[in-house]
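# Structural characterization, general
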Amino acid sequence: MNTLTNADLHCHSVVSDGTLTPEVLAQRAKDNGVELWALTDHDELGGQERALQAARALGLPYLTGVEISVTFAQITVHIVGLGMDHHHPALLEGLRTTRGGREERARDMAAGLAQVGIQGAYEGALKYVGNPDLISRAHFARHLVESGVCSDVGEVFRKFLTEGKPGFVPHRWAGLGDAVRWITQSGGMAVIAHPGRYALNATGEYALFTEFKTHGGQGVEVMTGAHNQADFVKYAGYCQEFDLLASRGSDFHSPEESRCDLGSLPHLPGSVTPVWEMLQTRIHR
Ligand code: AMP
Ligand code: MN
Ligand code: MN
Ligand code: MN
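## A look at the overall build of the protein chain
Within the protein chain one finds 10 helices and 7 strands. For 285 residues, the compact-globule estimate of 2.2 N^0.38 gives 19 Å, and the protein chain sits close to it at 18 Å. Along the first, second and third principal axes, the C-alpha atoms of the protein chain reach 55 × 45 × 40 Å. Looking at the protein chain as a whole, 55% of its 285 residues qualify as buried. The contacts in the protein chain between residues at least 6 apart in sequence include a share of 73% that link residues at least 24 apart. For the protein chain, the accessible area works out to roughly 11,800 Å², and carbon and sulfur atoms hold 50% of it. Looking at charge distribution, the protein chain has the averaged site of its 24 positive side-chain charges lying 1 Å from that of its 33 negative ones.

Laid out in structure tokens, this is it:
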């Protein structure tokens, strides 16, 4: 395994805000030529056993995964965990507390939307929820598209679900140090997800990377569906600057919504060391 391995270490199932089951995702990964796969549902490990069994049946090497919502410097950042023991009590408890509050947040989001004339959004979003513990903005977005309020999910986020918009509710997620420790204490590696997506200036980004390293974080997503060519180059450079391993993951959610399919990203550049070089003993075969 090297930088040319077709690894896809970031995607979502119906256990969080994806639209496919872990089994269908495993088959899609295999069909698309993925050679190492991880399912990384938001704040939740409920799909891990299914993903692992499905991957094993297909002869697809698998790493356990999760994507933890974190509040850092007043904004939300995502930390991916790879290769954890998915039965580890401290990790399970940390994720349980991180999920708590989503329900109330969703009701507040619906109240905000009702104020601009969109009634019944909570009930509407629930129709898309596979896991009652994990109602997400993505479910609201699907409902608002289906009910004709917007023409695609991107428009819903721009008009209704981002900072300052009627359906946006500020929320406090896990701490950066806590998230990194839950992952590392359960035997996994912490990875900064899609850094190019955050509203951080150079100083904020430096603070994120520095603190992440201090807490024991080891990797960063260089190739992700959210990055453009300039981001690929920039974050490959950060691997050198911050001595981080590089990860690769589509962040695939749905055939209808995701631009980047499983296994379809460009390879990692030869200048970086892939996260999977340090995760060999954690791979389920
Ligand atoms: P939440 O965890 O409830 O705040 O929802 C975040 C999720 O919403 C992300 O993981 C994405 O799946 C989705 N999302 C966020 N921003 C956008 C966007 N601009 N367009 C489409 N989906 C988005
Ligand atoms: Mn998502
Ligand atoms: Mn994310
Ligand atoms: Mn994701």
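## Looking at the domain arrangement of the protein chain
Taken domain by domain, the protein chain comprises domain 1 (7-98 + 175-282) and domain 2 (102-161). One C-alpha centre belongs to domain 1, the other to domain 2, and the line joining them spans 25 Å. The interface is formed by 12 residues belonging to domain 1 together with 10 residues belonging to domain 2. Summing both partners gives a buried area of about 770 Å² for domain 1 against domain 2, and 42% of it is carried by carbon and sulfur. Run the count over domain 1 and domain 2 and you get 2 salt bridges. Salt-bridge contacts for Asp-43 lead to Arg-102; the nearest nitrogen and oxygen are separated by 3.1 Å. Inspection of the region where domain 1 meets domain 2 yields 6 residue pairs in polar contact (both at pLDDT 80 or more).

## Some details on the pattern of salt bridges
Tallied over the full model, the rule gives 12 salt bridges. Across the salt bridge formed by Arg-142 and Glu-257, the nearest N and O atoms sit 2.7 Å from each other. One end of the pair, Arg-142, is in helix 6 (residues 137-146); the other, Glu-257, is in the segment after strand 7 (245-249), and 115 residues separate them in sequence. In this structure Arg-142 comes out as buried when scored by relative accessible area, which is 7%. Owing to a relative accessible area of 32%, Glu-257 belongs among the partly exposed residues under this scheme. Residues joined in a network through salt bridges with shared partners are Glu-44, Arg-99 and Asp-133.

## Brief notes about the sheet that holds strand 7
Across the sheet, 5 strands lie side by side as 3-4-5-6-7; this open sheet has mixed pairing. Among the strands making up the open sheet, the edge pair consists of strand 3 (65-72) and strand 7. Shown here is a sheet whose adjacent strand axes are inclined to one another by a mean of 40°, direction ignored. Both strand 6 (residues 219-224) and strand 7 contribute to a ladder of 5 bridges, which runs parallel. Note on strand 7: the bridge partner recorded for Met-223 is Arg-248. With respect to the sheet, helix 9 (residues 202-214) is in contact with strand 3, strand 4 (75-82), strand 5 (189-192) and strand 6, its orientation differing from that of strand 5 by roughly 175°. Running at roughly 160° to strand 6, helix 10 (residues 229-242) makes contact with strand 6 and strand 7 of the sheet.

## Brief notes about helix 3 (residues 89-99)
Because the α-helix completes a turn every 3.6 residues, residues three or four places apart line up on one side. Listed as buried for helix 3 are Leu-91, Gly-94, Leu-95, Thr-98 and Arg-99. Seen from one end, helix 3 has its buried residues packed into an arc of 135°, which puts them on one side. Backbone geometry just downstream of helix 3 places Gly-101 in the positive-phi region, at approximately 100°.

## What about the coordination of the manganese ion (ligand 2)?
Coordination of the manganese ion (ligand 2) by the protein is provided by Asp-17 (OD), Asp-17 (OD), His-42 (NE2) and His-253 (NE2), with metal-donor distances spanning 2.1 to 2.8 Å. Taken together, the 6 donor atoms surrounding the manganese ion (ligand 2) define angles of 51 to 156° at the centre, an arrangement classified as irregular. Sequence positions of the residues that donate to the manganese ion (ligand 2) give the spacing D-x24-H-x210-H. Between the manganese ion (ligand 2) and the manganese ion (ligand 3) the interatomic distance comes to 5.7 Å.

## Quick look at the pairing of strand 4
By the criterion of burial, strand 4 is predominantly enclosed, with 6 of the 8 residues buried. Hairpin connection of strand 3 to strand 4: 2 residues between the antiparallel strands, including Ala-73 at a positive phi of 50°. Here 4 bridges tie strand 4 to strand 5, and the two strands are oriented antiparallel to one another. Bridging across to strand 5, Gly-81 finds its partner in Ala-190.

## A short note on the coordination of the manganese ion (ligand 4)
At 2.1 to 2.2 Å from the manganese ion (ligand 4) lie its protein donor atoms, namely His-10 (NE2), His-12 (NE2), Glu-67 (OE) and Asp-251 (OD). The sequence pattern describing where the donors of the manganese ion (ligand 4) fall on their chain is H-x1-H-x54-E-x183-D. Between the manganese ion (ligand 4) and the manganese ion (ligand 2), a separation of 4.6 Å is found. One end of the pair, His-12, is in the loop between strand 1 (7-8) and helix 1 (22-31); the other, Asp-251, is in the segment after strand 7, and 239 residues separate them in sequence. The same class applies to His-12 and to Asp-251, which are both buried.

Definitions and cut-offs
Residues numbered from 1 in each chain as written. Chains lettered and ligands numbered in written order. Predicted model: local features only at pLDDT ≥ 70, side-chain atom pairs only at ≥ 80, totals over all residues. Heavy atoms only, no water. Helix = DSSP H or I, 4+ residues; strand = E, 2+ residues; numbered from the N terminus. Rg over C-alpha atoms; globule rule 2.2 N^0.38 Å. Buried < 20%, exposed > 50% of the residue type's maximum accessible area, 1.4 Å probe, protein only. Contact = heavy atoms within 4.5 Å. Areas by Shrake-Rupley, 256 points an atom, 1.4 Å probe, with all protein chains shown as cover. Lys, Arg positive; Asp, Glu negative; His and termini not counted. Charge placed at Lys NZ, Arg CZ, Asp CG, Glu CD. Domains from an automatic or database assignment. Buried area = accessible area lost by both parts, 1.4 Å probe. Salt bridge = Lys/Arg side-chain N within 4 Å of Asp/Glu carboxyl O. Polar contact = N/O pair within 3.5 Å; in protein donor to acceptor, adjacent residues only side chain to side chain. Pairing = 2+ DSSP bridges. Axes fitted to C-alpha atoms, helices over the stretch in contact; angles between N-to-C directions. Arc of directions from axis to C-beta. Donors = N, O, S within 2.8 Å, 3.2 Å for Na, K, Ca; no water. Tetrahedral: all angles 85-135°; square planar, octahedral: opposite > 155°, others 65-115°.

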